Amino acid sequence: MALRIGDRAPDFEAETTQGKISFHRWLGNSWGMLFSHPKDFTPVCTTELGYLAKIEPEFTKRDCKVIGLSVDPVSDHARWFNDITDVTGAKVGYPVIGDGDLKVSKLYDMLPGDAGETSQGRTAATNQTVRTVYLIGPDKIVKAMLMYPMSTGRNFDEVLRLLDSCQLTAKHKVATPANWKLGEDVIIVPSVPNEEAQQRFPQGWKTVKPYLRVVKQPD
């Protein structure tokens with residue numbers, strides 16, 4: 001079954017570089033970012049894991065736990081981490097799932113059910129769809145998904161911007177306009193009637209159109 005925004009994030013148990021986890025229990029009441037990779041020792045992914053290691057504190061500040069997934073066993077991840085440090089100067093401190101049996105990749109609809117039961121013999125090309133970022137709320141609902149080809153490194157600064165937007169929506173019932181940056185004006189979501197908006201935003205707002213009400217970003 002396809003996984004979509006608004007669906008409950010599938011729970012699972014898996015081995016990681018920091019031991020076995022039960023995903024929902026590991027998330028607890030935090031936000032989560034699960035990001036997947038088609039294979040260890042691949043060039044673009046090496047740069048991604050290193051950059052994310054450098055900015056992980058930004059996710060921590062936002063109460064968002066970070067976890068990776070690569071379609072290889074955990075034993076390979078440990079060797080890959082050495083390369084990541086050599087290349088980027090960063091040490092990976094977040095867990096990375098070993099998905100050697102492809103179970104999590106299938107559960108999250110990144111591989112078809114007939115993809116087999118082992119990563120052995122598979123290449124990055126045959127795993128190319130295992131390349132997704134999932135933002136998951138404390139309610140375990142998928143809030144956002146980003147999918148990239150293998151040739152394009154992911155912009156984790158954009159993922160942070162997306163996380164900020166999702167958290168504002170969850171807390172204040174606002175949406176963010178095109179190219180919005182943290183601290184800029186936001187939009188009151190259409191489902192909030194003016195009566196409720198007056199209680200939420202007593203400072204008032206600018207009505208551009210009846211369906212487009214602009215307000216200063218709440219704290």
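What counts, and at which threshold
- Residues numbered from 1 in each chain as written.
- Predicted model: local features only at pLDDT ≥ 70, side-chain atom pairs only at ≥ 80, totals over all residues.
- Heavy atoms only, no water.
- Core = buried A, V, L, I, M, F, W, Y, C linked by side-chain atoms within 4.5 Å.
- Buried < 20%, exposed > 50% of the residue type's maximum accessible area, 1.4 Å probe, protein only.
- Helix = DSSP H or I, 4+ residues; strand = E, 2+ residues; numbered from the N terminus.
- Contact = heavy atoms within 4.5 Å.
- Salt bridge = Lys/Arg side-chain N within 4 Å of Asp/Glu carboxyl O.

Draft legend 1. Up close: the nonpolar core. In terms of nonpolar packing, the biggest core is built from 27 residues, with Met33, Phe35, Leu49, Leu52, Phe59 and Tyr94 touching the most fellow members. For this core, the secondary-structure elements that each account for two or more residues are β3 (31-37), α2 (43-61), β4 (64-70), α3 (74-88), β6 (132-136) and α5 (156-172). Excluding its chain neighbours within four sequence positions, the residues that come into contact with Met33 are Leu52, Phe59, Cys64, Lys65, Val66, Ile67, Val133, Tyr134, Leu135, Phe156 and Val159.

Draft legend 2. The pattern of salt bridges, seen in detail. Scanning the entire structure with this criterion turns up twelve salt bridges. Glu48 is the partner of Arg131 in a salt bridge, and the nearest nitrogen-oxygen pair spans 2.9 Å. Within this pair, whereas Arg131 is found in the loop between α4 (103-107) and β6, its partner Glu48 is found in helix α2, the two being separated by 83 residues in sequence. Neither Arg131 nor Glu48 differs from the other in exposure class; each is buried. Connected via shared salt-bridge partners are Glu58, Lys61, Arg62 and Asp164.

Scope: geometric values only; no functional claims are made or implied.
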